[in-house]
Structure formats: C-alpha cells, structure tokens
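# Fold and contact review
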Amino acid sequence: MSIEVRVPTLGESVTEATVATWFKKPGDAVAVDEMLCELETDKVTVEVPSPAAGTLGEIVAAEGETVGVDALLAMIGEGEGAAPAPAAAEAAPAAAPAGDAGQAVDVMVPSLGESVSEATVSTWFKQVGDAVQQDEMLCELETDKVSVEVPAPAAGVLAEILAPEGTTVDASAKLAVLSSGGAVAAAPAAAPAAAAAPAAAGKDVEDAPSAKKAMAEAGLNPADVQGTGRDGRVMKHDVAAALAAPKAAPAPAAAAPRAASNDPREERVKMTRLRQTIARRLKDSQNTAAMLTTYNEVDMTETMALRKEYKDLFEKKHGVRLGFMSFFTKACCHALKEVPEVNAEIDGTDIVYKNFVNMGIAAGTPTGLVVPVINDADSMSFAEIEKAIAEKGHRARDGKLSMEEMQGGTFTISNGGVYGSLMSSPILNPPQSGILGMHKIQDRPMAINGQVVIRPMMYLALSYDHRIVDGKGAVTFLVRVKEALEDPRRLLMDL
C-alpha cells in the first residue's frame, strides 16, 4: 500500500512554495515523522515529515519545483524496506542503554504557535544527571515573538541534552532524553551522538535552489551570505537580507568599529530573536506603509476628576484599579466607529473593514516591546478593559504571553507617557492602519475663556497609513478622541 506525501498548510495568504531540499532519496527507509524535505515560501521555511514508516518511493516534486498547497510531493511504500523500529534505533542509539536503567522519554519542542517554525534554546535550568519531577521546567526557548518554557514530560533523570544553549531548533526537534529509571545510563551513550553533530554540521550543504538563483542574479558570492536554513543552508530570504545589509550599514563605516573589537569599553551582544523581529517588522512598516502622523492635545481635567471621584468605589466593586487606559480605549473605540478606515487594513488591492475592535496595547518588557491584544474591546465595560489590560500586562512582563494573545489586533495604543515622553511619532504595527500615541500629562498655562489657567495637558499623536486614511479622517479621529476625554460623559451617551 502506498502513502501520499503532500504539501502541508503553508499559512495564511501563502499559496505556493519551492521544494528546497530533499533529505531522503528513493529507496531510503523512513520512520514516522522523520523529515523528508524542506519547502521554502516567501515568508517561512516548512519541513515536511513522513506520514508513515516505510520506504520512500517516487519523488514527484524535485528540488527547485514550485508546488501549491496539498500538491503531491512523493509516495511512500508502507511496510517496505527497513522496519521503522531499527530506523528509530539508528536515529537515537542512546535509547537502548537507557532502557537498562529505565524507560527513555524524549523531550520534544512544544507547540510554538501559528507561523513559527523554529526557536533558539536560551537557557537550560537542569544539567545532565539532574533529577527532575514531572512538569518541572527543563529549559526555555526563545522564538521571534514569545518565550516558551519546556516542562519535563515525566519524572526521572536528565540523561542527555541534544540541543545546548544557543542552538536553533525546528518545531519538531528533540531537545533532550529523560531516563525514568534513575541511573544515568544514557549519558555515556550520548557522547558519540553529540560528537557526530558537529561533524554533520561541518559537511557541505546544498543551498535552496531559489537562493542560488537569487545569488546568481545579484552577483553575490555564496560565502558572503549567512545561511539560516537547516544545517546552515542559504535560503531565499538570507539573500534578500545580504542585499539589504550594505544599505543599512555601509562597509567602510562598519570597518572602523571592528578594528576596535578588543576594546574593553565595548561589549558585543547578539540580538535576541525577539529584538531581531522587532527591528525587521518596524523597518518593514516604514518601507510598506505611507505613514504620516497628526497631532493634537487634550485637556485631561475632566477625565482626571472623574477617575479621582470614583477610583476607590471602582476598585472596591471590581477588584481592579481604574486607570487612564480604559478611558483611552473607550475613546478610541468610539472614534473608530465614525472613522472606520483607521480600523481597516490593506490586503492586496482590497481594503478590509473591521466591524469590531481588537485593541493592541503596547507594553515594554525586559526583552523588548510586545503588543498583547484585547479582543472585542468595543463591547467591553471599563472594568473588563482594566482587568484585561492588567492581566495581559502582567503576563507580558513575565514573558508568558502566547502567540494567540498577540495576533489579530486592528488598532494599537502606545503609552510613552509612562516613561516621561512629552511628544513622539508612534510607528505602525502592520498590517494595522492606525496607532495612537499617548504622552506625559503636564501642567501647562492655557487660555480658557480669555483667562490664563493651568491645566493638565497631554499631547496625542495618531500615526496612520495614508494609503487608505486621508488627512480629514485622521484629524477627525483625533478630534473625537480629544472630545471624549475632555467630556467623558459623551462616552456614556455614545456621542
């Protein structure tokens, strides 16, 4: 009986991929979930596991071919050739000796979330030989969006670490082996496997066909391109990054600091995956959107008075403090109903209008800026908004946010005022078309009814995508936010 190997789901809006590398050839024995080939899309690299154990038969889509979703890649002859058990034993020889002391349990990379295909092992909390309890944290992985803790799947002894700190692993990789018996019999056996890894990594690897083509067209030397694919192979996006690098940092300017690399006054630290992603997304935002910022200022007298009058009763009844963010969230939801294009996004040649508000609340963390999303904020009460902001803010600072909690936002609020910012231009969070910047509340002299009085004032900034939001709409949005905050009773009456 033959089993079909087909192209898996490639992600939202991705319809085709290029077959980059086949790890197996016809006639090779394969085990269940063993990687057969690697596909390259314009966004991510996708590995295709074997759906069954058996022998790889015909390869239908050769390296370099472009295939669509669910296209046939190859056929596997089930039950033919080498049995899956020896293949599995060959892939992990440490499991046999571990069986003498107890059952060997694999520690695998947990689910990383939609569109995340790899992670970096940032910290091991345990060492080989350490006893561990079930669900005790073994290590922490860092993706380009969130940190993921890996718990022990069983109680026992950490017998082998397959992915040390700093290693980049894919979504189906094995991180370590536990011995549930007690003795660390698997550790010595792990030495040959560990020693084999550098040897495998040092061998020549075939770059992705699309990357070869791009390098040839650009006249790039492959040695000048840093590969991020499996075993260091160069992928298409690596070529794009190499081409963009000279524009961002001209070679002559970069040469001088390198000459002083031994200067004890300098410290060179590799960017975290989160910081790399923040840098890439912010630059993409500038390159893609026609971003413009409009400003206004708001007199916070009435909002501050209302908060002061009811904050104790509010906290007593709802169990959460009444802050300014719920007022701003409500004011923005109110304004977005009148100016819906600020809550929309561009998809190709279409404008997608959202009849709901998923509010992103930018939050600074020790590892970088993240934007947790409060879904359906337009239908929530002040108390529900404050609880959601407090809970997600706490989870953000602890690095516990899931991928799902940072996806699907339609508009963002960024509060630079908590750090003392008086005025700034926030940058868009793609694919959103608007972001509101809050700033420091500062007492300033204002002319009110012909009299100079001191009022608590805040500058507001709206950055927007001018491709779909006109100046009139942007100014109207900001004026509506200003009106709602200067007379918060308007929010209660939906005015």
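## A word on the overall build of the protein chain
What the protein chain contains, in helices and strands, is 12 helices and 27 strands. Put simply, the protein chain has 495 residues, and 40% of those count as buried. Relative to all contacts within the protein chain whose residues are 6 or more apart in sequence, the contacts with residues 24 or more apart total 64%.

## Digging into helix α9 (residues 325–338)
Here α9 contains 14 residues, and its C-alpha end-to-end distance of 20 Å stays within 8% of the 20 Å for a straight helix at 1.5 Å per residue. Within α9, 11 of the 14 residues are buried, leaving the element largely enclosed by the surrounding structure. Among all positions in α9, only M325, S326, F327, F328, T329, A331, C332, C333, H334, A335 and L336 are buried.

## Structural notes on a nonpolar patch on the surface
Judged by side-chain polarity, Y295, L422 and M423 come together as a nonpolar surface patch covering roughly 260 Å² of accessible area. Topologically, M423 is positioned in the loop between β24 (411–415) and β25 (434–438).

## Some thoughts on the sheet that holds strand β4 (residues 35–40)
Pairing is antiparallel in the open sheet, where four strands are placed in the order β5-β4-β2-β7. Either end of the sheet is taken by a strand with one partner, and the two such strands are β5 (45–49) and β7 (66–68). Ignoring which end each strand starts from, the neighbouring axes of this sheet average 40° apart. By the bridge criterion, three bridges tie strand β2 (residues 16–22) to β7 in an arrangement that is antiparallel. Looking across to β7, one finds that T18 is bridged to T66.

## Side note on the environment of P456
Structurally, the position occupied by P456 is in strand β27 (residues 451–465). Sequence-wise, P456 and R444 are 12 residues apart; in three dimensions their C-alpha atoms are separated by 6.5 Å. Setting aside chain neighbours within four positions, we find P456 in contact with V298, D299, M300, T301, M304, I441, Q442 and D443.

## Considering the pairing of strand β16 (residues 174–179)
The element β16 is extensively covered by neighbouring structure, given that five of its six residues are classed as buried. Examined bridge by bridge, strand β9 (residues 104–108) and β16 share five bridges and lie antiparallel to one another. Within β16, the position partnered with V105 by the bridge is L178. The sheet contact formed by strand β14 (residues 156–161) and β16 spans four bridges and is antiparallel. Counted as the bridge partner of E160 is V177 from β16.

## Structural notes on the pairing of β27
Judged from the nine bridges that link them, strand β17 (residues 291–299) and β27 form a sheet pairing that is antiparallel. Paired with E297 across the bridge in β27 is Y459. Note that β25 and β27 share four bridges and pair antiparallel. Considered in β27, the bridge of L436 is made with L462. The pairing of strand β26 (residues 442–448) with β27 spans seven bridges and is classified as antiparallel. By the bridge assignment, D443 is partnered in β27 with P456. Connecting β26 to the next strand, β27, in antiparallel fashion are two residues, including N449 with a positive phi near 55°.

## What to know about the sheet that holds strand β12 (residues 137–142)
The four strands lie next to each other as β13-β12-β10-β15, forming an open sheet whose pairing is antiparallel. At either margin of the open sheet sits one strand with a lone partner, and together these are β13 (147–151) and β15 (168–170). Strand-to-strand twist across the sheet, computed as the mean angle between neighbouring axes with direction ignored, equals 40°. The pairing of β12 with β13 spans five bridges and is antiparallel. Across the sheet, the residue bridging to C139 is V150, located in β13.

## Remarks on the pattern of salt bridges
Scanning the entire structure with this criterion turns up 17 salt bridges. Of the charged contacts in the structure, one is a salt bridge between E338 and R480, with a shortest N-O distance of 2.8 Å. In this pair, E338 sits in helix α9 while R480 sits in helix α11 (residues 471–486), placing the two residues 142 residues apart along the sequence. Residue classification places R480 among the partly exposed residues on the basis of a relative accessible area of 23%. Ionic contacts of the salt-bridge type, sharing partners, join the residues E338, R480, E483 and R490 into one network.

## A short note on the packing of α9 against α11
Relative placement of two packed helices is described by the angle separating their axes and the distance separating the axes. Contact geometry of α9 with α11 gives a least axis separation of 9 Å together with a crossing angle of 135°. One way to sum up the angle between α9 and α11 is to call them oblique. Once α9 is placed against α11, the crossing between them reads as right-handed. Seen from α9, the contacting residues are F327, F328, A331, C332, A335, L336 and E338; seen from α11, they are T476, F477, R480, V481, A484 and L485.

## A closer look at α11
Across its 16 residues, α11 extends 22 Å between first and last C-alpha, which sits within 8% of the 22 Å expected from 1.5 Å per residue. Within α11, the full set of buried residues consists of G473, A474, F477, L478, V481, A484 and L485. What you see down the axis of α11 is that its buried residues fit within an arc of 130°, all on one side.

## Topic: the side chain of R307
If you trace the backbone, R307 turns up in helix α8 (residues 301–318). Among buried charged residues, R307 stands out as having no salt bridge; its nearest opposite-charge side chain is E386, 6.7 Å away. Not counting the four nearest positions on each side in its chain, R307 is found in contact with R321, L322, G323, F324 and F327.

Cut-offs applied
- Residues numbered from 1 in each chain as written.
- Predicted model: local features only at pLDDT ≥ 70, side-chain atom pairs only at ≥ 80, totals over all residues.
- Heavy atoms only, no water.
- Helix = DSSP H or I, 4+ residues; strand = E, 2+ residues; numbered from the N terminus.
- Buried < 20%, exposed > 50% of the residue type's maximum accessible area, 1.4 Å probe, protein only.
- Contact = heavy atoms within 4.5 Å.
- Expected span 1.5 Å × (residues − 1).
- Patch = residues over 30% accessible without salt bridge, like charges linked within 9 Å, V, L, I, M, F, W, Y side chains within 5 Å.
- Areas by Shrake-Rupley, 256 points an atom, 1.4 Å probe, with all protein chains shown as cover.
- Salt bridge = Lys/Arg side-chain N within 4 Å of Asp/Glu carboxyl O.
- Pairing = 2+ DSSP bridges.
- Axes fitted to C-alpha atoms, helices over the stretch in contact; angles between N-to-C directions.
- Parallel < 35°, antiparallel > 145°, perpendicular 65-115°, else oblique.
- Left-handed = near helix turned anticlockwise from the far one by under 90°.
- Arc of directions from axis to C-beta.
- Lys, Arg positive; Asp, Glu negative; His and termini not counted.

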